Amino acid sequence: RRDVLEIAPSFVWAWAPLSEAELTVAVALAGRNYPASTSVRLGVAREQIIFDIGIGFGKNVSHNVALLAALERFADFHRPLLLGASRKSFISKLLRVEESKRLPGSLACAQWAVLQGVQIIRAHDVAETVDAVRVAERLVAARRAEDPGP
């Protein structure tokens, strides 16, 4: 837990009852403004900042699944969100398939992300991902058309 404590020590103590997967999401949510505020102080315009959800990067399968399940919670960052789940090793582990068989899992993650409000998808298999995202975008548009809103 040392790495988590270094990222957000005061936050971790407040959320000690969380599971490790829940803590991963909590730390991601708590730390979302750190790089942005540092970048703004260094002269980067806020409009040029996007938020990478952080799939992979030393996380295990349950951490990545927890982040994906919580994507909707990242929508109120008021910054474009990026998801880079394409061909990540957690997909092989989750589906129990070899590395060359990660495309279906990558496409499912991309579609899920779009349905949850993620605006930027990093992909290795671009043509296939574009098709999958177009389907998801059509579903989002249909859902909005049915929702009369406030």
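The structure presented is a predicted model; accordingly, all values stated were derived computationally and were not measured. (Residues numbered from 1 in each chain as written. Predicted model: local features only at pLDDT ≥ 70, side-chain atom pairs only at ≥ 80, totals over all residues. Heavy atoms only, no water.)

Draft legend 1. The arrangement of the packing of aromatic side chains in detail. Within the structure shown, the criterion is met by 1 aromatic pair. Across the ring face of Phe57, the terminal group of Lys88 is positioned such that the distance to the ring centre comes to 4.4 Å. (Phe/Tyr/Trp six-rings, centres within 6.5 Å; stacked < 30°, edge-to-face > 60°. Lys NZ or Arg CZ within 6 Å of the ring centre and 35° of its normal.)

Draft legend 2. Focus on the sheet that holds strand E1 (residues 51-52). Across the sheet, which stays open at both edges, the 3 strands sit in the order E1-E2-E3 with parallel pairing between neighbours. Here the strands that pair on one side only, and so sit at the sheet edges, are E1 and strand E3 (120-121). Two elements, E1 and strand E2 (residues 81-83), share 2 bridges in a ladder whose sense is parallel. Across the sheet, residue Phe51 finds its bridge partner in E2, namely Leu81. (Pairing = 2+ DSSP bridges. Helix = DSSP H or I, 4+ residues; strand = E, 2+ residues; numbered from the N terminus.)

Draft legend 3. Looking closely at helix H8 (residues 126-146). The first and last C-alpha atoms of H8 sit 30 Å apart over 21 residues, in line with the 30 Å expected at 1.5 Å per residue. For H8, every residue scored as buried is listed here: Thr129, Ala132, Val133, Ala136 and Val140. One face of H8 carries all of its buried residues, which in axial projection span an arc of 100°. Those residues of H8 that are exposed and aimed more than 90 degrees away from the buried face are Ala127, Arg134, Arg138, Ala145 and Glu146. In this fold, the buried residues of H8 make contact with helix H7 (103-115) and E3. (Expected span 1.5 Å × (residues − 1). Buried < 20%, exposed > 50% of the residue type's maximum accessible area, 1.4 Å probe, protein only. Arc of directions from axis to C-beta. Contact = heavy atoms within 4.5 Å.)

Honestly, it's all geometry; don't read function into it.
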